[in-house]
Amino acid sequence: MDSKKILIVDDNADIRLGMHLRLKANQYETFFAADAFAAVAEARKHRPDLVILDLGLPAGDGFTVMERLKQVPFLAVIPVIVVSARDGLGNQKRAHEAGAKAFLQKPVNDAELLAVIRQALGEPAGTKKPTLYDQGSV
Amino acid sequence: MTEPARRSSELTAYLSHELRNALACIHQFGNILVDGLAGEMSGEQREYVHIMLENASKIRKVLDSTLDGTPDPIEESNEQNRRVSKLET
């Protein structure tokens, strides 16, 4: 069975690498974009099964990306999970209104992120045990 | 909102954003090491990464309870205890 494809959109290269390592270890194929313009271009190119989207991005924020994805029928159906360092008070509601499946505030809990991804992709719950710090958590 | 209040709010949002991104990296790569995704570690190495992650966790709690305005659970519990004591007296 082919791996599910996930597009990671974040302007922080370290965050992209960390997510890639975690997702690769869970048998996902990853692609990357560092700004809002590249996010839509990479989505068109790779047609991912899911997008992990930061909000604070160069060339337009994450909300702009969601708007642009919605304008293209084959991209509009891709589930989006927002992972942002912005406060959750207003942004969480706004992200859901924009169509995001979930809003997670950085630093994210790895087990929670994987559970949200599996849910968004319609996959069965994983068997990975959360680490000590997933329960605390950093 | 007054100008000083607006600037203070912007500074708080900026600090929260930057600290959360830095913490996210510490968290991600600490867990990557602990989970052996970058190779196996010795017991001593694992212990040191645990210490690093535990301290990152403390920073996050401070961040949640200060910059983001989320009530500190310990302080909240103390406040509840003070209220109960007050009712009892």
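Please read these numbers as outputs of a predicted model, since none were measured by experiment. All residue numbers refer to position in the chain's written sequence, counted from 1. For this description, chains carry letters from A and ligands carry numbers from 1, given in the order in which they are written. The predicted origin of the model limits local features to residues at a pLDDT of at least 70 and limits the giving and counting of side-chain atom pairs to 80 or more, whereas totals for whole chains, interfaces and linings rest on all residues.

## Observations concerning the packing of helix α1 (residues 3–34) of chain B against helix α2 (residues 43–65) of chain B
Residue and element names in this part refer to chain B.
Part 1: Here an angle of 0 to 180 degrees is reported between the N-to-C directions of two axes, which are lines fitted to C-alpha atoms, with helices fitted over the stretch in contact. In DSSP terms, a helix is any run of H or I states spanning at least four residues, a strand is any run of E spanning at least two, and both are numbered starting from the N terminus. Packing of α1 against α2 leaves a shortest axis separation of 10 Å and a crossing angle of 155°. With respect to α2, the axis of α1 lies roughly antiparallel. In this structure, α1 meets α2 at a crossing whose hand is left-handed. Mapping the contact onto sequence places S16, L19, R20, L23, I26, H27, G30, L33 and V34 in α1 and R46, V49, M52, L53, A56, I59, R60 and L63 in α2.
Part 2: Gly is placed with the polar residues, together with every amino acid not listed as nonpolar (Ala, Val, Leu, Ile, Met, Phe, Trp, Tyr, Cys and Pro) or charged (Asp, Glu, Lys and Arg). For the contact of α1 with α2, the residue count by class is eleven nonpolar, three polar and three charged. Each angle gets one of four labels, with under 35 degrees taken as roughly parallel, over 145 as roughly antiparallel, 65 to 115 as roughly perpendicular, and the rest as oblique. If you view the pair so one helix is near and one far, a crossing is left-handed when the near helix is turned anticlockwise from the far one by less than a right angle, and right-handed when it is turned clockwise. Contact definition: two residues whose C-beta atoms, as placed from backbone geometry, lie within 7 Å.

## Some thoughts on the sheet that holds strand β5 (residues 102–105) of chain A
Backbone-to-backbone hydrogen bonds join strands into a sheet, with any given pair of strands oriented parallel or antiparallel.
All names here are of chain A.
Part 1: Judged by pairing direction, the sheet is parallel, and its five strands sit side by side in the order β2-β1-β3-β4-β5 without closing on themselves. Strand pairing shows two members of the sheet lacking a second neighbour, β2 (29–33) and β5, which therefore form its edges. For this sheet the average axis-to-axis angle between neighbouring strands, irrespective of direction, equals 20°.
Part 2: When strand β1 (residues 5–9) meets β2, the two strands line up parallel, connected through five bridges. When the sheet's bridge partners are listed, I8 is paired in β2 with F32.
Part 3: Strands in contact with helix α5 (residues 88–97) are β4 (80–84) and β5; relative to β5, the strand with the most contacts, it is inclined by about 155°. Whether two strands pair comes down to DSSP finding at least two bridges between them.

## With respect to the interface of chain B and chain A
Part 1: Taken together, the contacts link 23 residues of chain B with 20 residues of chain A.
Part 2: Contributing elements (two or more residues each) for the side of chain B that touches chain A: α1 and α2 of chain B.
Part 3: It is α1 of chain B that provides the largest number of residues to the side of chain B that touches chain A, a total of 16 residues.
Part 4: Of the residues that constitute the side of chain B that touches chain A, the class distribution is eleven nonpolar, eight polar and four charged.

## Considering helix α6 (residues 110–121) of chain A
All names here are of chain A.
Part 1: For α6, which comprises twelve residues, the first-to-last C-alpha distance of 16 Å matches the rise-based estimate of 16 Å (1.5 Å per residue) to within 8%.
Part 2: To assign burial, the other C-beta atoms lying within 10 Å of each residue's own C-beta are counted, with C-beta atoms placed from the backbone; 20 or more indicates buried, 12 or fewer indicates exposed, and intermediate counts indicate partly exposed. Buried within α6 are the following residues: D110, L113, L114, V116, I117 and A120. Looking straight down α6, one finds its buried side chains confined to an arc of 160°; they lie on one side.
Part 3: G122 lies just past α6 and shows a positive phi near 75°. What a helix is expected to span follows from its residue count: subtract one and scale by 1.5 Å. The reported arc concerns the directions from the helix axis to the C-beta atoms and nothing else.

## Here we look at unusual backbone geometry
Residue and element names in this part refer to chain A.
Part 1: The step from K106 to P107 runs through a cis peptide bond, and the omega angle for that step is -5°.
Part 2: Here Q27, not a glycine, exhibits a phi torsion of approximately 65°, which is positive.
Part 3: Looking at the secondary structure, you find Q27 in the loop between α1 (13–25) and β2.
Part 4: Backbone geometry places A59, a non-glycine residue, at a positive phi of 65°.
Part 5: Mapping A59 onto the fold places it in the loop between β3 (50–53) and α3 (62–70).
Part 6: Judged by C-beta crowding, with 14 C-beta atoms within 10 Å, A59 ranks as partly exposed.

## Observations regarding the confidence of the model for chain B
All names here are of chain B.
Part 1: pLDDT expresses how confident the predictor is about each individual residue, on a scale running from 0 to 100. In the predicted model, chain B carries a mean pLDDT of 80, and 75% of its residues have values of at least 70.
Part 2: In the model of chain B, helix α3 (residues 73–88) stands out as the element of lowest mean pLDDT, 44, in contrast to α2, which has the highest, 93.
Part 3: Across residues 70–89 the pLDDT falls below 50, and counting only partners more than four positions away or on other chains, this stretch makes five contacts in the model.
Part 4: The complex prediction reports pTM at 0.82, with the ipTM value standing at 0.82.

## Describing α1 of chain A
Part 1: In this model, α1 of chain A (13 residues) spans 18 Å end to end at C-alpha, consistent with the 18 Å of a helix rising 1.5 Å per residue.
Part 2: For α1 of chain A, the complete set of buried residues consists of I15, G18, M19, R22 and L23 of chain A. All buried residues of α1 of chain A fall inside an arc of 125° around its axis, so they share one side.
Part 3: Tucked into the core, α1 of chain A has its buried residues touching β1, β2, β3 and α6 of chain A together with α1 of chain B.

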